[in-house]
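Here's the letter readout for the chains.
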Number of protein chains: 2
Amino acid sequence: MATAPSQLLPPVVMTIAASDPTGGAGVQADILTLASMGCHPLSVITALTIQDTGGVEDVLPIDADWVADQARALLEDMPISAFKLGMLGSAETVSVIAEILADYPDIPLVLDPVLASGRGDALADDETVSAMIELLLPQTTILTPNTLEARRLALDEEIDDDDPDAPECARRLVATGCEFVLVTGTHANTAQVINTLYNDAGVVRSDAWDRLPGSYHGSGCTLASAIAANLANGLDIADAVRDAQDYTWQALMAGFRPGMGQFIPDRFFWARNNEGQEDA
Amino acid sequence: MATAPSQLLPPVVMTIAASDPTGGAGVQADILTLASMGCHPLSVITALTIQDTGGVEDVLPIDADWVADQARALLEDMPISAFKLGMLGSAETVSVIAEILADYPDIPLVLDPVLASGRGDALADDETVSAMIELLLPQTTILTPNTLEARRLALDEEIDDDDPDAPECARRLVATGCEFVLVTGTHANTAQVINTLYNDAGVVRSDAWDRLPGSYHGSGCTLASAIAANLANGLDIADAVRDAQDYTWQALMAGFRPGMGQFIPDRFFWARNNEGQEDA
């Protein structure tokens, strides 16, 4: 017999999200991002999709109990270091996941509020959005909406008839109980992409990145997963956010266009830019 | 705006298999293996599972048409360099996949005939096995059964009442029309793991590896995906098999045990053994 295998244990991170067969977004993006940052990914699937690099054709939500059972089996077997939530699919699924998370209050939770695909396809109905606000935001360590998502989440109250800007949206979202909000500027109409991290004291940090040409599939998933990986690796929130943005920007810069639609980030840019080490 | 992203396009490989939320086996194992070998993974999900590192608790097969539609959307958008098939779930799914594959006769097909999990849980009924033999083997470039799977596939004929050894099983399987058969020795009772590659001329090559202590989850998925990645990268079949075995053995050697059950291969051993390059 050979010697015993390595006892080195990578941090384990659980993603709960939908499947994207293209590998651009969804659990597939999370798996690639987490693994490329030294974490072992667990993946709980909330919905299947039929899609190509051009758009989503169909969505098959998975029964909420089946989603919960996938997660419970893993959590009873393995200690995990962070949660990352993406598209959840239904208010029922949000509710069962919120119940599970309540049993693990000390594990960092990164919530990427997927309300529409990067190409605009709607992926969450009003009931799902309301459940996220009521049940998930109070348990969230860091929420990562783009400006459109921040606005939709911040305005989901019947009394609202005003037009809040991003800082006001962030203020309202922090008031729901989530600890940090990173509002990303990918959907804003600015020369640079400006991402701003808020907590209850206001702006924590703001970073600007050159806006890349072309359209990318899965940049939000990549960023949120990279933050989760960094938190699992022990970074504090500001460093986790800073480093994850850097990682994401590099993955986008190295992106490729395998089909007729959007570019896909290359989460292993550091491997493909250093040819040969795959064979080490 | 920044400069345009890299135009380097990795080979694209499609896996069609079940989800394993532990990340040990299934499409998750395929995604990690393919990406770690420089390919972009597309993943078509045939079934969901509830499982931990100790065993499979439940299986949810996905409707065959939904499986087919996931694959068709991708194939109409992107050129791919190899197919890898794992657990297919039902005879209907085998049938729709066989129809799709018939439209792509020139793309190498690696078929890992998942009939039971590495821990013995049954994952294919007799009807599914028969459909695989009749519809998939004739289209297969390389079949990767362990000794138990080779025997079950080779004996699936009502006239059989004998006890074929591995070479005879391989001979019969090649006779069904699959080009190469790699019979793996992981389930044999030998000091070394001996894997033997056959074609219609007999033994092509045979490789022996030290048997590792402990029980691994996903070694078969890893090996089959690594062969698919190597074929997509342009290696001939003998080199693809040789290199994939080396890769798999190293991934197992670097494996870790995140829960209370089996070890999980580390498909990024070359990254974690060279600390720091993740930050390059």
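Reading the values: the criteria
Residues numbered from 1 in each chain as written. Chains lettered and ligands numbered in written order. Predicted model: local features only at pLDDT ≥ 70, side-chain atom pairs only at ≥ 80, totals over all residues. Heavy atoms only, no water. Phe/Tyr/Trp six-rings, centres within 6.5 Å; stacked < 30°, edge-to-face > 60°. Helix = DSSP H or I, 4+ residues; strand = E, 2+ residues; numbered from the N terminus. Pairing = 2+ DSSP bridges. Least-squares fit on C-alpha atoms with pLDDT ≥ 70 in both. Contact = heavy atoms within 4.5 Å. Salt bridge = Lys/Arg side-chain N within 4 Å of Asp/Glu carboxyl O. Polar contact = N/O pair within 3.5 Å; in protein donor to acceptor, adjacent residues only side chain to side chain. Expected span 1.5 Å × (residues − 1). Buried < 20%, exposed > 50% of the residue type's maximum accessible area, 1.4 Å probe, protein only. Axes fitted to C-alpha atoms, helices over the stretch in contact; angles between N-to-C directions. Parallel < 35°, antiparallel > 145°, perpendicular 65-115°, else oblique. Left-handed = near helix turned anticlockwise from the far one by under 90°. Nonpolar A, V, L, I, M, F, W, Y, C, P; charged D, E, K, R; others polar. Core = buried A, V, L, I, M, F, W, Y, C linked by side-chain atoms within 4.5 Å. Right-handed = clockwise from strand over helix to strand, strands pointing away. pLDDT = per-residue confidence, 0-100. Disulfide = S-S within 2.5 Å. Patch = residues over 30% accessible without salt bridge, like charges linked within 9 Å, V, L, I, M, F, W, Y side chains within 5 Å. Areas by Shrake-Rupley, 256 points an atom, 1.4 Å probe, with all protein chains shown as cover. Lys, Arg positive; Asp, Glu negative; His and termini not counted. Charge placed at Lys NZ, Arg CZ, Asp CG, Glu CD.

S.K.: What's the story with the packing of aromatic side chains in this structure? I'm lost.
M.R.: Working definition: an aromatic ring pair is given by the centre-to-centre distance plus the angle between the planes. Applying the stated criterion to the full structure yields 12 aromatic pairs over all chains. On the basis of an interplanar angle of 5° and a centroid distance of 5.0 Å, the ring pair of A:Phe268 and B:Phe268 is categorised as stacked. Within this pair, whereas A:Phe268 is found in the loop between helix H8 (237-253) and helix H9 (269-272), its partner B:Phe268 is found in the loop between helix H8 (237-253) and helix H9 (269-272), the two belonging to separate chains. Ring geometry for B:Tyr247 and B:Phe269: centres 5.6 Å apart, planes at 55°, overall tilted.

S.K.: Would you take a moment to explain the pairing of strand E4 (residues 55-61) of chain A for this structure?
M.R.: Within a regular strand, side chains alternate between the sheet's two faces. All names here are of chain A. Examined bridge by bridge, strand E3 (residues 47-52) and E4 share six bridges and lie antiparallel to one another. Each residue of the ladder has a partner; that of Ile 50, found in E4, is Asp 58. Remark: two residues form the turn of the hairpin made by E3 and E4, two consecutive strands paired antiparallel.

S.K.: How should I be thinking about the sheet that holds strand E6 (residues 109-111) of chain A in this particular structure?
M.R.: Strand pairing in a sheet relies on backbone hydrogen bonds, with the paired strands running either antiparallel or parallel. If you walk across this open sheet you meet the eight strands as E2-E1-E5-E6-E7-E8-E9-E10 (chain A), and the pairing is mixed. Each edge of the open sheet is held by one strand with a lone partner, namely strand E2 (40-45) and strand E10 (202-210) of chain A.

S.K.: What am I meant to see in the relation of the copies chain B and chain A here?
M.R.: For the pair of chain copies, the relating operation is a rotation around an axis with a shift along it. The transform that puts chain B on chain A rotates by 180° and translates by 0.0 Å along the axis, for an RMSD of 0.0 Å. As the rotation angle and translation indicate, the two copies are arranged about a two-fold axis. In terms of proximity to the rotation axis, the leading residue of chain B is B:Leu32, whose C-alpha is 3.4 Å off the axis. The overlap is high: 100% of the interface residues of chain B also sit at the interface in chain A, so the same surface is used on both sides.

S.K.: Explain the interface of chain B and chain A to me, please; I cannot follow it from the model alone.
M.R.: Where interface size is given, it is often the accessible area lost as the parts come together that is meant. Listed as interface residues are 75 residues of chain B and, on the opposing side, 76 residues of chain A. Linking chain B with chain A are zero salt bridges. Inspection of the chain B/chain A interface yields 10 residue pairs in polar contact (both at pLDDT 80 or more). Mapped onto the side of chain B that touches chain A, the elements with two or more residues apiece are helix H1 (26-36), strand E2 (40-45), strand E3 (47-52), strand E4 (55-61), helix H2 (64-75), H8 and H9 of chain B.

S.K.: Help me understand helix H7 (residues 219-232) of chain A in this model?
M.R.: Quick reminder: α-helices carry 3.6 residues per turn. Residues three or four places apart thus point the same way. All names here are of chain A. Look at H7: 20 Å from first C-alpha to last across 14 residues, which is about the 20 Å you get at 1.5 Å a residue. Burial of H7 is extensive: 13 of the 14 residues sit out of reach of the surface. Downstream of H7 by a residue or two, Gly 234 has a phi angle that is positive, lying close to 100°.

S.K.: What's the story with the environment of B:Pro167 in this structure? I'm lost.
M.R.: In this fold, B:Pro167 is placed in helix H6 (residues 166-175). The spacing of B:Pro167 and B:Leu197 is 30 residues in sequence and 9.7 Å in space, taken between C-alpha atoms.

S.K.: Would you take a moment to explain the packing of helix H3 (residues 91-102) of chain B against helix H4 (residues 126-136) of chain B for this structure?
M.R.: In helix packing, the relevant descriptors are the interaxial angle and the interaxial distance, both defined with respect to the helix axes. Residue and element names in this part refer to chain B. Interaxial distance between H3 and H4 falls to 8 Å at its minimum, and their mutual angle equals 15°. Here H3 lies roughly parallel to H4, going by the angle between them. For the element pair H3 and H4, the recorded crossing hand is right-handed. Only Glu 127, Thr 128, Ala 131, Met 132, Leu 135 and Leu 136 of H4 make contact with H3, whose side of the interface consists of Ala 91, Glu 92, Val 94, Ser 95, Ala 98 and Leu 101. Classifying every residue of the contact of H3 with H4 by side-chain character gives eight nonpolar, two polar and two charged.

S.K.: Please explain the environment of A:Gly259 as it appears in this structure.
M.R.: Topologically, A:Gly259 is positioned in the loop between H8 and H9. Note on A:Gly259: relative accessible area 12%, which makes it buried. Along the sequence, A:Gly259 and A:Gly54 sit 205 residues apart, while their C-alpha atoms lie 8.2 Å from each other. Sequence-distant contacts of A:Gly259, that is, excluding residues within four places in its chain, are made with A:Thr53, B:Asp77 and B:Met78.

S.K.: What exactly am I supposed to notice about the nonpolar core here?
M.R.: For soluble globular proteins, the rule of thumb is that nonpolar side chains tend to be buried together. Counting 108 residues, the largest nonpolar core has A:Met14, A:Leu85, B:Met14 and B:Leu85 as its most contacted members. Contacts of B:Met14, omitting those with residues within four sequence positions, involve B:Leu42, B:Val44, B:Ala71, B:Leu74, B:Leu75, B:Ile80, B:Ala82, B:Phe83 and B:Lys84. By size, the runner-up hydrophobic cluster in this structure holds 64 residues, among which are A:Ala240, B:Leu32, B:Ala82 and B:Phe268.

S.K.: Would you take a moment to explain the pairing of E2(A) for this structure?
M.R.: Residues and elements named next belong to chain A. With six of its six residues buried, E2 lies for the most part within the structure. Of the two faces of E2, the one carrying His 40, Leu 42 and Val 44 and the one carrying Pro 41, Ser 43 and Ile 45 are both buried. Where strand E1 (residues 12-17) lies against E2, six bridges are found, and the strand directions are parallel. From the neighbouring strand, Ile 16 faces E2, where its bridge partner is Val 44. Crossover connection from E1 via helix H1 (residues 26-36) to parallel E2: handedness right-handed.

S.K.: I keep staring at the confidence of the model for chain A and nothing clicks. Help me out?
M.R.: Should pLDDT be low for a region, the predicted coordinates there are not to be read in detail. Residue and element names in this part refer to chain A. Residues with a pLDDT of 70 or more make up 91% of chain A, whose mean pLDDT is 91. Across residues 1-5 the pLDDT falls below 50, and counting only partners more than four positions away or on other chains, this stretch makes 17 contacts in the model. Per-residue pLDDT stays below 50 along residues 275-280; that stretch engages in 12 contacts with residues further than four places along the chain or on separate chains. Listed scores for the predicted complex are pTM 0.93 and ipTM 0.93.

S.K.: How do you make sense of H6(B) when you look at a structure like this?
M.R.: Residues and elements named next belong to chain B. Those residues of H6 that sit buried are Cys 169, Ala 170, Arg 172, Leu 173 and Val 174. Elements that come into contact with the buried residues of H6 comprise strand E7 (142-143), helix H5 (147-154), strand E8 (180-183) and strand E9 (192-199). Sitting at the head of H6, Asp 165 places a side-chain oxygen 3.0 Å from the backbone nitrogen of Glu 168. Immediately downstream of H6, the backbone of Gly 177 shows phi near 120°, a positive value.

S.K.: Can you walk me through the state of the cysteines in this structure?
M.R.: Tallied over the entire structure, the rule returns zero disulfides over all chains. For A:Cys178, which is in no disulfide, the shortest distance to another cysteine sulfur is to A:Cys169 and amounts to 12 Å.

S.K.: Whenever I open this one, a negative patch on the surface confuses me. Can you help?
M.R.: On the surface, a cluster of negative charge is made up of A:Glu57, A:Asp58, B:Asp63, B:Asp65, B:Asp69 and B:Glu76. Going through the elements one at a time, E4 of chain A together with H2 of chain B are the ones with two or more residues in the negative patch. By the element assignment, A:Asp58 lies in strand E4.

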